[in-house]
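In case you want the letters, here they are:
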Amino acid sequence: MRYLIAGHGDYAQGVANTLKFFKDDLNNVDLLPYNNDFEQQLQAYLDRRDPERLSALLDQQEAEVERELAQLRRIQTIIRTKRKLLERGRRAVCGQVFFEDCPPALLILSEPIHSADPAVAAPILYEHLARCHREGWNEGYPFGAMISGKSLAAGRFDEYACYFTQVEHPAAGVPLFEKPAGRYAAICLQGDYHRAREAYRQLLDEISARGLRPVGCSYKEGLWDEIAQRDPAQYRTKISVAVE
């Protein structure tokens, strides 16, 4: 909406100029998305102005500013996340297993899947993405997929336990799963992220060769996806699992 109390400069020229100021001198007014009630709200205030109505008007305008600032902060978070993933994708050496110490991560989980059937998984994914969008939970991370330790050990690399979306600044009351901190084995896959069987096998073989074992679920998450790369052959996906 337009802000009724939003001028700059030497516009303390009396109430008679206020309406003209807001309607005509737009170069000196802070504008946010237009609200058709703008002129009616302004005129209603001018017709019946007093300290109490001014206080109420200021409260209303401050609430609008806070809503816009919250939206801008969310957009800024998404931009920063995308930059971070872009850089991680640039640094990724695909096809090689590596080990890293990871901090905990906060994840919003989908409903359970426990199936390799796309007809089962797809509706759950769509609902998860819709919910994250509807609730404003998206911070710029692509959705990821978890495979249970049991499915991983059995080589069922298409059998997802659930989908997830990572967040760093969750609102109060958001249901969260904490990905544990610790030592992780990981590999970056280049190309179609649905064709990850060889990458999973390479990851597990390297873990075993080092006398380690996987612990818990594996995590598959995008670095360069459809947003970052037009060519599917250049997508980059990270697969990781905690080890001990």
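Look a little higher up for the structure.
Residues numbered from 1 in each chain as written. Predicted model: local features only at pLDDT ≥ 70, side-chain atom pairs only at ≥ 80, totals over all residues. Heavy atoms only, no water.

Asker: Just to check I follow, could you spell out the sheet that holds strand β10 (residues 236-243) for this structure?
Answerer: What holds strands together in a sheet is hydrogen bonding between their backbones, with the strands either parallel or antiparallel. If you walk across this open sheet you meet the 8 strands as β3-β8-β10-β9-β5-β6-β4-β7, and the pairing is antiparallel. Of all the strands in the sheet, the pair left with one neighbour each is β3 (97-102) and β7 (177-179). Taken pair by pair, the neighbouring strands of this sheet meet at an average axis angle of 35 degrees, ignoring direction. Relative to β7, strand β4 (residues 105-109) runs antiparallel, the two being bridged by 3 bridges. Among the inter-strand pairings, Ala 105 is bridged to a residue of β7, identified as Lys 179. (Pairing = 2+ DSSP bridges. Helix = DSSP H or I, 4+ residues; strand = E, 2+ residues; numbered from the N terminus. Axes fitted to C-alpha atoms, helices over the stretch in contact; angles between N-to-C directions.)

Asker: Help me out: how do you make sense of the pairing of strand β8 (residues 182-190) in this one?
Answerer: Looking along a regular strand, one sees side chains alternate from face to face of the sheet. As judged from the 6 bridges shared by β3 and β8, these two strands associate in the antiparallel manner. In the sheet register, Val 97 faces β8, and the bridge partner there is Ile 187.

Asker: How do you make sense of the pairing of strand β6 (residues 162-167) when you look at a structure like this?
Answerer: The element β6 is largely enclosed, with a buried count of 6 among its 6 residues. Burial of β6 is two-sided: the residues Cys 162, Phe 164 and Gln 166 facing one way and the residues Tyr 163, Thr 165 and Val 167 facing the other way are all buried. In this sheet, β6 lies alongside β4 in antiparallel orientation, the contact comprising 4 bridges. Following the sheet pairing, Leu 107 is matched in β6 by Gln 166. In the sheet, strand β5 (residues 144-147) pairs with β6 via 3 bridges, with the strands oriented antiparallel. (Buried < 20%, exposed > 50% of the residue type's maximum accessible area, 1.4 Å probe, protein only.)

Asker: Help me understand a nonpolar patch on the surface, please; the structure alone is not making it clear to me.
Answerer: On the surface, Val 65, Leu 69, Leu 72, Ile 75 and Ile 79 cluster together into a nonpolar patch covering about 380 Å² of accessible area. As for its position among the elements, Val 65 is in helix α3 (residues 51-91). (Patch = residues over 30% accessible without salt bridge, like charges linked within 9 Å, V, L, I, M, F, W, Y side chains within 5 Å. Areas by Shrake-Rupley, 256 points an atom, 1.4 Å probe, with all protein chains shown as cover. Salt bridge = Lys/Arg side-chain N within 4 Å of Asp/Glu carboxyl O.)

Asker: Sorry if this is basic, but what is going on with the packing of aromatic side chains here?
Answerer: Counted by the stated rule, this structure contains 6 aromatic pairs. Considering the side-chain rings of Tyr 193 and Tyr 235, the 5.9 Å spacing of their centres and the 15 degrees angle between planes classify their relative orientation as stacked. Of the two residues, Tyr 193 is situated in the loop between β8 and α6 (197-209) and Tyr 235 in the loop between β9 (214-224) and β10; the sequence distance between them amounts to 42 residues. Three or more aromatic residues joined by ring pairs make a cluster, and in this case those are Phe 143, Tyr 160 and Tyr 163. The lysine or arginine in question, Lys 179, covers the ring of Tyr 219, its NZ or CZ lying 4.7 Å from the ring centre. One residue, Arg 236, lies across the ring of Trp 224, its end atom 4.6 Å from the ring centre. (Phe/Tyr/Trp six-rings, centres within 6.5 Å; stacked < 30°, edge-to-face > 60°. Lys NZ or Arg CZ within 6 Å of the ring centre and 35° of its normal.)

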